[in-house]
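Letter by letter, the chains look like this.
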Amino acid sequence: MIYQSQVEELICRLYQEAAIKLPLDVKKALETAHDLEENETALLNLEAILENIKIAEEKDLPLCQDTGLPIIFVKLGNVQVENLKEGIINGVKKATEEVPLRPNVVDPLTRKNSGNNIGRFIPQIDIELVDTDQLEITIFPKGFGSENNNALKMALPGEGEEGIKQFVLETVLAAGGKPCPPTVVGVGIGGSSDMALKLAKKALLRKVGEHHPEERMAKMEGEMLEMVNATGIGPMGLGGRTTALDVKIEYADTHTAGLPIGVCIQCWAARRATGILKGE
Ligand code: SF4
């Protein structure tokens, strides 16, 4: 049995880690972008980002003032868990107080803030049932400077690979500097409309630099990354060679009459933290 108190503690600890420390793969990708850059403005922006990351770690402070919307990905194996939902909610409340996190959650119409990052259907919890003997939790705090630039297209089947690339490019160009580049671009292909966007977000859980295990998808990721970086949007949208650190694809089979494409843009603050609980 995994107890509610263990879930609460884990959520709080993971939130703290995610808010303060960028995963190593993201940091390394930003350092590489800096080493490869020649544009002076881009260099200044990348230096500021790297300095920001360093100060946040040294001072134990969130690395961006927008500590995001709480999104929690759960992989639930064959284990008994006591009050998983309550555990997650209490863990987010605790993290909001202790880290502290900026209270970002509001009613969509009145804009009244709940004050603790909890709201109707928030934290957003995605549960995937898996055949393991453990509970895996990933905290994915999503800043809205990037989330506001996501897009969905219900393409025609005939648009195929070229149509997908074109839509990704259009979305990145429309976003420009708004999502705080260098970004990581998640692309969800197939499923239904909502699933395509979910897949695009889930693709962002893979490490930067880690390609899709299927060669045809990995090839498309590489081609799209080149295309995105050829836009010259650059760090913070002020020009330069790195607009995106990576492009990640996730896909599902779909209906014969459609080709859903979801694009989820992640800012340079590509925060995520994963932890595992096992039964007794
Ligand atoms: S988009 Fe990302 S880096 Fe920009 S303000 Fe929001 S959380 Fe911070």
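Our structure is the block above this text.
Each value, and the rule that gives it
- Residues numbered from 1 in each chain as written.
- Predicted model: local features only at pLDDT ≥ 70, side-chain atom pairs only at ≥ 80, totals over all residues.
- Heavy atoms only, no water.
- Helix = DSSP H or I, 4+ residues; strand = E, 2+ residues; numbered from the N terminus.
- Expected span 1.5 Å × (residues − 1).
- Buried < 20%, exposed > 50% of the residue type's maximum accessible area, 1.4 Å probe, protein only.
- Contact = heavy atoms within 4.5 Å.
- Pairing = 2+ DSSP bridges.
- Axes fitted to C-alpha atoms, helices over the stretch in contact; angles between N-to-C directions.
- Left-handed = near helix turned anticlockwise from the far one by under 90°.
- Nonpolar A, V, L, I, M, F, W, Y, C, P; charged D, E, K, R; others polar.
- Right-handed = clockwise from strand over helix to strand, strands pointing away.

A word on helix α6 (residues 160–175). Taking 1.5 Å as the rise per residue, α6 with 16 residues should run 22 Å; its terminal C-alpha atoms sit 23 Å apart, in good agreement. What α6 keeps buried is the set G163, I164, K165, F167, V168, L169, T171, V172 and A175. Against the buried residues of α6 lie β4 (151–155), β5 (183–191), α8 (215–229) and β7 (259–266). Looking at the residues trailing α6, positive phi occurs at G176, about 50°.

Another aspect to go through is the sheet that holds strand β6 (residues 244–254). Taken in spatial order, the four strands make up an open sheet running β4-β7-β5-β6, and their pairing is mixed. Lying at the two open borders of the sheet, with one neighbouring strand each, are β4 and β6. Taking each pair of neighbouring strands and ignoring which way they run, the sheet shows an average axis angle of 15°. In terms of strand pairing, β4 meets β7 through five bridges, oriented antiparallel.

Before going further, it helps to spend a moment on the packing of α6 against α8. Their axes nearest at 10 Å, the elements α6 and α8 cross at an angle of 35°. For the pair α6 and α8, the crossing hand works out as right-handed. Of the residues in α8, those in contact with E161, I164, K165, V168, L169 and V172 of α6 are M220, E223, M224, M227 and V228. In terms of residue class, the contact of α6 with α8 is made up of eight nonpolar, no polar and three charged.

Along strand β1 (residues 71–76), five of the six residues are buried, which leaves the element largely enclosed by surrounding structure. Handedness of the crossover joining β1 and strand β2 (residues 124–129) through helix α4 (residues 84–98) is recorded here as right-handed. Relative to strand β3 (residues 134–139), β1 is paired through five bridges, and the arrangement is antiparallel. Across the sheet, I72 pairs through a bridge with I139, a residue of β3.

This brings us to the sheet that holds β3. Across the sheet, four strands lie side by side as β2-β1-β3-β8; this open sheet has mixed pairing. In the strand order of this sheet, the two ends are held by β2 and β8 (273–278), each with one partner. When the angles between neighbouring strand axes are averaged without regard to direction, this sheet yields 20°. With six bridges joining them, β3 and β8 adopt antiparallel strand pairing. In the strand pairing of β8, I139 is matched with A273. Contacting β1, β3 and β8, helix α1 (residues 4–20) crosses the sheet at an angle of about 160° to β8.

Spatial relationships are all this shows, so hold off on functional conclusions.
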